[in-house]
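Given next are the chains, with one letter for each unit.
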Amino acid sequence: MSLEIGWASWGQLLHSVRTGDTAFGHLHGMGYFEYLKQNPEHARIFDEGMTSFVTTNGLAIAAEYDFSAFSMIVDVGGGQGTLIEAILKQNKQPRAIVFDRHDVVEAAKSKLASVGIADRCECIGGDFFISIPSGGDAYLLASILHDWDDERSLTILRNCRRAMSSKAKLLIVEMVIPKGNESFFGKLLDLHMLVNFGGQERTEEEYRNLLSAAGFQISQVVKTSTPSSLIEALPV
Ligand SMILES: C[S@@+](CC[C@H](N)C(=O)[O-])C[C@H]1O[C@@H](n2cnc3c(N)ncnc32)[C@H](O)[C@@H]1O
């Protein structure tokens, strides 16, 4: 989060508030992930930042939701594989696929090998706006949907739905915005998503509507000891 290109966008907050467009695009003439693709050093810092974020938040997710009965977890946009590493270490049965951009999964491969779970976790490169690997009984979207507006999020969700059997579960990890006016870290992150990615944090009702439009129904929302919740949804 402290990556300079991320906080520089805050200086152009007014542009985003006036237009609804990203300050990042206004400054750099391209989207955030396209910029990372063209700037490997920034990509490295971003990936390390996400890894550090997931190390605290992800461990709580791995401990506070029961992943033990799954056979194959597809971690869509799984980054460096830090969350799936925590899940696989706590649960001996599941195998996993980390699916992310080609350049990202190359780094994930060596990381997963170095922590001793490469034999249970395959890394596949691709584009979640085009298609997502099939064969999982759980599809994990951790800090993915908040990067995108509703239209782009729906494309990702529909691609998940297409890849899933009717019995598979969708697991979304995000900071669900609570009702009311109390302080909550997700509200600050909501603005960070606006200026940098054109994304947003969402309320439970907003997730319910988005998921319904993609052919899913929420089965439970698991709050954790961190600001992140896990939304479990089933195909309808
Ligand atoms: C905010 S990070 C979340 C990473 C990981 N899920 C976590 O919780 O740390 C978003 C991830 O989406 C990936 N991503 C962005 N665009 C993508 C695309 N079109 N196809 C696949 N992955 C993509 C990024 O490379 C990045 O790893």
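You'll find the structure just up there.
As the structure is a prediction and not an experimental result, all values here were calculated from the model.

A.B. asks: Before we move on, can you summarise the site of the ligand with the specific residues and values?
C.D. replies: Near the ligand there are 18 residues, and of these Val54, Gly77, Asp100, Asp127 and Ala142 occur at the shortest range. In the model, an oxygen atom of the ligand is placed 2.6 Å from a nitrogen or oxygen of the Asp100 side chain. Contact between the ligand and Asp127: a nitrogen atom at 2.9 Å from a side-chain N or O atom of the residue. Protein burial of the ligand: of its 590 Å² of free accessible surface, 94% is covered by the chains. Of the residues belonging to the shell around the ligand, the class tally is nine nonpolar, five polar and four charged.

A.B. asks: Just give me the short version of the pattern of salt bridges, but keep the residues and values in it.
C.D. replies: Scanning the model with the defined rule gives nine salt bridges in all. A salt bridge links Arg101 to Asp103; the nearest nitrogen and oxygen atoms lie 3.2 Å apart. A single salt-bridge network, built from bridges that share partners, covers Glu41, Arg44 and Glu48.

A.B. asks: So, the nonpolar core: which residues are in play, and what are the values?
C.D. replies: Residues Ile84, Leu141, Leu170 and Leu211 are the most contacted members of the largest nonpolar core, which totals 72 residues. Sequence-distant contacts of Leu170, that is, excluding residues within four places in its chain, are made with Tyr139, Leu141, Leu157, Cys160, Met164, Leu211, Phe216, Ile231, Glu232 and Ala233.

A.B. asks: Got a sec to walk through the environment of Ser183? Specific residues and values, please.
C.D. replies: Turning to its location among the elements, Ser183 is positioned in the loop between strand 5 (169-174) and helix 9 (185-196). Relative accessible area serves as the criterion here: at 77%, Ser183 is assigned to the exposed category. For the pair formed by Ser183 and Gln217, sequence separation is 34 residues and the distance between their alpha carbons is 29 Å.

A.B. asks: I'd like a description of the sheet that holds strand 5, backed by residues and values.
C.D. replies: Within the open sheet, the seven strands sit side by side as 3-2-1-4-5-7-6. Their pairing is mixed. With partners counted over all chains shown, the strands left at the sheet margins are strand 3 (121-125) and strand 6 (216-223), one partner each. Direction aside, neighbouring strands of the sheet carry axes that sit 20° apart on average. Both strand 1 (residues 72-76) and strand 4 (residues 138-142) contribute to a ladder of three bridges, which runs parallel.

Analysis parameters
Residues numbered from 1 in each chain as written. Predicted model: local features only at pLDDT ≥ 70, side-chain atom pairs only at ≥ 80, totals over all residues. Heavy atoms only, no water. Near = heavy atom within 4 Å. Polar contact = N/O pair within 3.5 Å; in protein donor to acceptor, adjacent residues only side chain to side chain. Areas by Shrake-Rupley, 256 points an atom, 1.4 Å probe, with all protein chains shown as cover. Nonpolar A, V, L, I, M, F, W, Y, C, P; charged D, E, K, R; others polar. Salt bridge = Lys/Arg side-chain N within 4 Å of Asp/Glu carboxyl O. Core = buried A, V, L, I, M, F, W, Y, C linked by side-chain atoms within 4.5 Å. Buried < 20%, exposed > 50% of the residue type's maximum accessible area, 1.4 Å probe, protein only. Contact = heavy atoms within 4.5 Å. Helix = DSSP H or I, 4+ residues; strand = E, 2+ residues; numbered from the N terminus. Pairing = 2+ DSSP bridges. Axes fitted to C-alpha atoms, helices over the stretch in contact; angles between N-to-C directions.

This is a description of form; function is not addressed.
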